[in-house]
Amino acid sequence: MTHRARARLTLEAELRHAIEHDELRLHYQPQVDLRSGKIIGVEALVRWQHPTRGLIAPGEFIPLAEESGLVGGLGEWVLKNACQQIRAWTDAGIAPQQTAVNVSAVQLSRGQLIVSVKAALQAARIDPEQLELEITESFVMLDREQSFKSLAELRALGVRLSIDDFGTGYSSLAYLQQLQVHKLKIDMSFVRGIVTNTSNALIVKAVIALGHSLGLEVIAEGVEEIAQASYLHMLDCDVMQGYLISHPLPAEEITRLLVSYLPIDIPPYANKGG
Ligand code: C2E
Ligand code: MG
Ligand code: MG
């Protein structure tokens with residue numbers, strides 16, 4: 001066996017252990033309404049508190065979890081914990097309208113997702129509308145028929161659906177309409193240059209128009225600067241998420257933020273010339 005293959009097997013065994021022994025953590029990042037400046041949602045983002053390597057970002061273990069079949073158990077853990085957090089926030093009277101959870105295309109194509117979602121909602125006794133599932137565009141590349149079926153079932157259950165990283169995949173516009181999702185998330189690669197790069201600005205403008213014409217809410221991710229927020233507001237984008245408001249934070253810290261947060265004032269966009 002090569003060194004790489006062995007390292008991979010070790011990591012896989014460690015990840016399996018991590019899921020079973022509570023080494024995963026959820027951090028939450030706020031989503032802010034661009035008109036009111038209020039927090040209307042949060043996104044749950046998983047991390048792995050590794051005993052020796054410290055906090056590991058999802059980009060380093062989600063692909064492995066998907067390839068090794070561990071993503072089902074991982075996804076169940078995330079759903080269960082996020083729903084319990086929603087329950088706690090609801091009891092405290094500070095729950096945002098939605099809490100979004102990322103769902104892997106692999107989970108969706110296996111048809112097991114609906115079972116996990118139902119179980120998590122019931123165990124936490126929360127309203128399905130409080131939960132939003134973020135699905136990346138690439139899911140259409142896997143088992144399309146099963147994925148469509150799963151999405152229809154989830155929609156019927158009452159959970160909200162959002163297309164993550166929109167603009168980077170291959171989803172056709174016909175699918176988009178068929179899917180009947182609630183929200184489009186414009187990928188941060190387009191948001192990044194929005195103020196300085198004309199073609200990025202045009203893409204963002206077009207996605208917002210497309211989303212709105214389909215009756216969808218549009219959220220921009222990766223918003224780091226106030227000028228980007230002003231620009232998005234000018235383009236009639238609905239919601240933003242990014243370091244400008246907050247990095248993803250552990251539950252206790254985001255809870256404090258939900259309690260103390262004052263609506264951000266977004267100034268009108270001022271073109272600084274050039
Ligand atoms: P994503 O769902 O598109 O999440 C956005 C990523 O951008 C997060 O990275 C977040 O921390 C980061 N981010 C947020 N605001 C900013 C900003 O203003 N600037 C920049 N540069 N980055 C920002 P993270 O937490 O490392 O997650 C990466 C990806 O891992 C996620 O992308 C998602 O696809 C996946 N992921 C995270 N949690 C889960 C999970 O529970 N299940 C599954 N299946 N995938 C997950
Ligand atoms: Mg996401
Ligand atoms: Mg994204």
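Residues numbered from 1 in each chain as written. Chains lettered and ligands numbered in written order. Predicted model: local features only at pLDDT ≥ 70, side-chain atom pairs only at ≥ 80, totals over all residues. Heavy atoms only, no water.

Asks: Tell me about the overall build of the protein, and name the residues and values.
Replies: Secondary structure assignment for the protein yields 11 helices and 10 strands. Here the protein has a C-alpha radius of gyration of 19 Å; the compact-globule value for 274 residues is 19 Å, and the two agree. Expressed as lengths along the three principal axes of its C-alpha atoms, the size of the protein is roughly 60 × 45 × 40 Å. When each of the 274 residues of the protein is scored for burial, the buried share is 49%. Restricting the contact set of the protein to residue pairs at least 6 apart, pairs at least 24 apart contribute 68%. Between the mean site of the 24 positive side-chain charges and the mean site of the 32 negative ones, the protein shows a separation of 2 Å. (Helix = DSSP H or I, 4+ residues; strand = E, 2+ residues; numbered from the N terminus. Rg over C-alpha atoms; globule rule 2.2 N^0.38 Å. Buried < 20%, exposed > 50% of the residue type's maximum accessible area, 1.4 Å probe, protein only. Contact = heavy atoms within 4.5 Å. Lys, Arg positive; Asp, Glu negative; His and termini not counted. Charge placed at Lys NZ, Arg CZ, Asp CG, Glu CD.)

Asks: Tell me about the coordination of the magnesium ion (ligand 2), and please be specific about residues and values.
Replies: Coordination of the magnesium ion (ligand 2) by the protein comes from E43 (OE), N102 (OD1), E134 (OE) and D164 (OD), over a distance range of 2.0 to 2.2 Å. In primary-sequence terms, the residues that donate to the magnesium ion (ligand 2) follow E-x58-N-x31-E-x29-D. Between the two metals, the magnesium ion (ligand 2) and the magnesium ion (ligand 3), the spacing is 4.3 Å, and D164 donates to both. Linking N102 in strand 4 (residues 98-103) with D164 in strand 6 (residues 160-166), this pair joins segments that are 62 residues apart in sequence. (Donors = N, O, S within 2.8 Å, 3.2 Å for Na, K, Ca; no water.)

Asks: Any chance you could break down the coordination of the magnesium ion (ligand 3) for me, citing the residues and the numbers?
Replies: Only D164 (OD), D165 (OD), E221 (OE) and E221 (OE) from the protein coordinate the magnesium ion (ligand 3), and they sit 2.0 to 2.4 Å from it. When the donors of the magnesium ion (ligand 3) are listed by position in the chain, the intervening gaps give D-D-x55-E. E221 gets classed as buried once you look at its relative accessible area, which sits at 7%.

Asks: Tell me about the pairing of strand 8 (residues 217-221), residues and numbers included.
Replies: Counting buried positions along strand 8 gives four out of five residues, so the element sits mostly inside the fold. Relative to strand 8, strand 7 (residues 183-186) runs parallel, the two being bridged by four bridges. Among the inter-strand pairings, L184 is bridged to a residue of strand 8, identified as V218. Pairing geometry for strand 8 and strand 9 (residues 239-241), over three bridges, is parallel. Within strand 9, the position partnered with I219 by the bridge is V239. Remark: the strand 8/helix 10 (residues 226-234)/strand 9 crossover connection has right-handed handedness. (Pairing = 2+ DSSP bridges. Right-handed = clockwise from strand over helix to strand, strands pointing away.)

Asks: Explain the environment of G41 to me, using residue names and the numbers behind them.
Replies: Mapped onto the fold, G41 is located in strand 2 (residues 39-50). Residue classification places G41 among the buried positions, given a relative accessible area of 0%. G41 sits 200 residues away from Q241 along the chain, and the two C-alpha atoms are 9.3 Å apart.

Asks: Please set out the site of ligand 1 residue by residue, giving values where relevant.
Replies: Ligand 1 sits among 21 residues. The nearest are R47, N102, D164, E224 and Y243. Contact between ligand 1 and N102: an oxygen atom at 2.8 Å from a side-chain N or O atom of the residue. Burial of ligand 1 by the surrounding chains reaches 82%, relative to a free accessible area of 810 Å². When residues in the shell around ligand 1 are grouped by element, the largest group, four residues, is from strand 2. Residues belonging to the shell around ligand 1 are distributed by class as follows: nine nonpolar, five polar and seven charged. (Near = heavy atom within 4 Å. Polar contact = N/O pair within 3.5 Å; in protein donor to acceptor, adjacent residues only side chain to side chain. Areas by Shrake-Rupley, 256 points an atom, 1.4 Å probe, with all protein chains shown as cover. Nonpolar A, V, L, I, M, F, W, Y, C, P; charged D, E, K, R; others polar.)

Asks: How would you explain the pairing of strand 4 if you had to name every residue and give the values?
Replies: The buried count for strand 4 comes to five of six residues, which makes it a mostly enclosed element. In terms of strand pairing, strand 2 meets strand 4 through four bridges, oriented parallel. Following the sheet pairing, E43 is matched in strand 4 by A100. Here strand 4 runs beside strand 5 (residues 131-136); their pairing, made up of five bridges, is parallel. The residue bridging V101 from the neighbouring strand is L133, located in strand 5.

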